[in-house]
Amino acid sequence: MDTNPQGFHEETSFLSNLPKTEWKLAANTTLLHWKGFWLMPVTIKSAISVESQFNPLSSDILLASFPKTGTTWLKALATTILSHDSNPKSDSQTDQLQTHNPHELIPFLEMETFGENASRDINQYPSPRVFSTHLPYSILPESIKNSGCRIIYISLNPADTFVSSWHFTNKRFGTKISFEEAFDEFCNGIIVGGPFVDHVLEYWREREKENILFVTYEELKEDPNKHVRRIAEFLGCSLSGDEIEQVVWKCSHERLSKLDVNKDEERVQTSGIKFSSYFRTGVVGDGKKLLSPEMMERIENLSKQRWEGSGLEL
C-alpha cells in the first residue's frame, strides 16, 4: 500500500502557516489549529492521506470517539459482538481478547493505516472491515460520510474525560504541569482533538442518520445488556440473551484489566503507548471526586453554553 504518494509533502506544506500552540500536559506537544480543532501535525497529514487514499465500503464499520472516552471498551465490544455473530459457539480459542489488546484488533485510520507512519495494510482485513478514529466528524472525508458505512460514536461526560486524559497523559509523559493548569488547557480546548465540547457536538448532530449510532459510556455502565444489544442490532448482529451476557462479561473492565495481555508492561501499541495504560478504574464519577466545586461549575457551564439548544447532556 502506497502510504506516501507523490506530492504528499506538497499537499501538507500549508501546515507551517497554521496557528499553533503547545499542549503543555503532553510534554509541550505541538498542536496545530486546523478546521476548528487542535491536532498534531502528523494527525493532519494522516487525515489528508485518509481522504486521498481510503476507499470506504458500505460494509465498513467506523468506531469514533474523542480520546479517553471509552474507545478501548467500544473496540472490545465490536470485536466480540461480530465474533459471536459469525461463530455463536465460540470458545476460549476464538476469544481474541484473551491474547490481543482491543487496539491490536481494530486499527486507527489516521494512526496505523494511512500517513507517513502507517503500519497496517487494510487490504488484508476481511469484511466487515472495522476501523477506529479520533477525527472530528467535520474532518472525516466525504467518501466516508457518503459510503453508508456504519459509524458508532462513544462519549463520556467532560469532567471524567478530563480526569481520564490527565491520568493517561501523565502516565505516558510524567507530570509536567499542575492539575489546575491542565484543567485550564482542557477547558480552552488545548488537547488533541479539542475542543472536546465541539468534537462531541458534531457527532451528536448527526445521530439521526440511520448509519450513525451515538452511545455514552455512562449508559453502557448503567445498563450494559440493553446498550450492548443496541450496538449489536446496529451492526446487524442477532444475539441471544445469553450471548449478550457473554459479550458484556468478556468486555468488562474487571475481566480485561486482569488479562496478561493487558498487564504486560512490555507490550506496546505502534505509537509506543503501553497496552496496560488503557486500563485504570473503568468507573464513572472521577470528575466529581477530583475536581473542585468551582472547576465542576466551570466545565458544566462551558458544556451547557456550547450545547445549548442541541438536546445534548452528558
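Note that the coordinates shown come from a computational prediction; the quantities given were computed from them, not determined experimentally. (Residues numbered from 1 in each chain as written. Predicted model: local features only at pLDDT ≥ 70, side-chain atom pairs only at ≥ 80, totals over all residues. Heavy atoms only, no water.)

K.L.:
Run through the side chain of glutamate 110, naming residues and quoting values.
P.N.:
Topologically, glutamate 110 is positioned in helix α5 (residues 109-113). This buried residue, glutamate 110, is left without a salt bridge; lysine 75 holds the nearest opposite charge, at 8.8 Å. Polar contacts involving the side chain of glutamate 110 include one to the side chain of threonine 133, which spans 2.9 Å. Polar side-chain contacts of glutamate 110 include one of 2.7 Å to the backbone nitrogen of histidine 134. Setting aside residues up to four positions removed in sequence, glutamate 110 forms contacts with Thr43, Ser46, Val50, Ser132, Thr133, His134 and Leu135. (Helix = DSSP H or I, 4+ residues; strand = E, 2+ residues; numbered from the N terminus. Buried < 20%, exposed > 50% of the residue type's maximum accessible area, 1.4 Å probe, protein only. Lys, Arg positive; Asp, Glu negative; His and termini not counted. Salt bridge = Lys/Arg side-chain N within 4 Å of Asp/Glu carboxyl O. Polar contact = N/O pair within 3.5 Å; in protein donor to acceptor, adjacent residues only side chain to side chain. Contact = heavy atoms within 4.5 Å.)

K.L.:
Could you give an account of the nonpolar core, naming the residues involved and the relevant values?
P.N.:
One finds Ile144, Ile151 and Phe162 to be the most contacted residues of the largest nonpolar core, which totals 58 residues. The contact partners of isoleucine 151, leaving out residues within four places of it in the chain, are Leu62, Ala64, Tyr137, Leu140, Ile144, Tyr203, Asn211, Ile212, Leu213 and Phe234. Ranked by size, the runner-up nonpolar core spans 34 residues in total, among them Ile61, Leu82, Leu239 and Leu256. (Core = buried A, V, L, I, M, F, W, Y, C linked by side-chain atoms within 4.5 Å.)

K.L.:
Quick rundown of the sheet that holds strand β1 (residues 20-23)? Include the residues and the values.
P.N.:
What the three strands build is an open sheet, ordered β1-β2-β3; its pairing is antiparallel. Of all the strands in the sheet, just β1 and β3 (37-39) have a single pairing partner and so form its edges. Strand-to-strand twist across the sheet, computed as the mean angle between neighbouring axes with direction ignored, equals 40 degrees. As judged from the four bridges shared by β1 and strand β2 (residues 29-34), these two strands associate in the antiparallel manner. Among the inter-strand pairings, tryptophan 23 is bridged to a residue of β2, identified as threonine 29. On the sheet, helix α2 (residues 41-53) packs against β2 and β3 and is oriented at approximately 45 degrees with respect to β2. (Pairing = 2+ DSSP bridges. Axes fitted to C-alpha atoms, helices over the stretch in contact; angles between N-to-C directions.)

K.L.:
Quick one: what's the story with empty space enclosed by the protein, residue by residue and with numbers?
P.N.:
What the rule picks out here adds up to three cavities of 30 Å³ or more. The calculated volume of the largest cavity comes to roughly 60 Å³. Lining the largest cavity are 10 residues, and of these Thr80, Ser83, Thr94, Asp95 and Gln96 sit closest to its centre. Among the elements that take part in the lining of the largest cavity, helix α3 (residues 71-86) stands out by supplying four residues, more than any other. Here the residues of the lining of the largest cavity are counted per class, giving one nonpolar, seven polar and two charged. (1 Å grid on protein atoms, 1.4 Å probe; cavity = no way out; pocket = protein on both sides within 12 Å on 5 of 7 lines; lining within 4 Å. Points joined across faces, edges and corners; volume = space filled by probe spheres on them. Nonpolar A, V, L, I, M, F, W, Y, C, P; charged D, E, K, R; others polar.)

K.L.:
Quick rundown of the packing of aromatic side chains? Include the residues and the values.
P.N.:
Across all of its chains, the model carries 16 aromatic pairs by this definition. Summarising the aromatic geometry, the rings of tyrosine 153 and phenylalanine 214 are spaced 5.4 Å apart at their centres and angled 35 degrees between planes, so their arrangement reads as tilted. Of this pair, tyrosine 153 sits in strand β6 (residues 150-155) while phenylalanine 214 sits in strand β7 (residues 212-216); the two residues are 61 residues apart in sequence, bridging distant segments of the chain. This pair shows no difference in class: tyrosine 153 is buried, exactly as phenylalanine 214 is. Ring geometry for phenylalanine 186 and phenylalanine 196: centres 5.8 Å apart, planes at 35 degrees, overall tilted. Residue phenylalanine 186 is located in helix α8 (residues 179-187), and its partner phenylalanine 196 is located in helix α9 (residues 196-204); the two are separated by 10 residues in the primary sequence. Taking the relative accessible area as the measure of exposure, phenylalanine 196 reaches 2% and is therefore buried. These aromatic residues form a ring-pair network of at least three members: Phe66, Phe162, Trp166, Phe179, Phe183, Phe186, Phe196 and Trp307. Cation over ring: lysine 145 sits above tyrosine 137, and NZ or CZ is 4.7 Å from the ring centre. Here arginine 207 stacks its cationic end above the ring of tryptophan 204, 3.8 Å away from the centre of that ring. (Phe/Tyr/Trp six-rings, centres within 6.5 Å; stacked < 30°, edge-to-face > 60°. Lys NZ or Arg CZ within 6 Å of the ring centre and 35° of its normal.)

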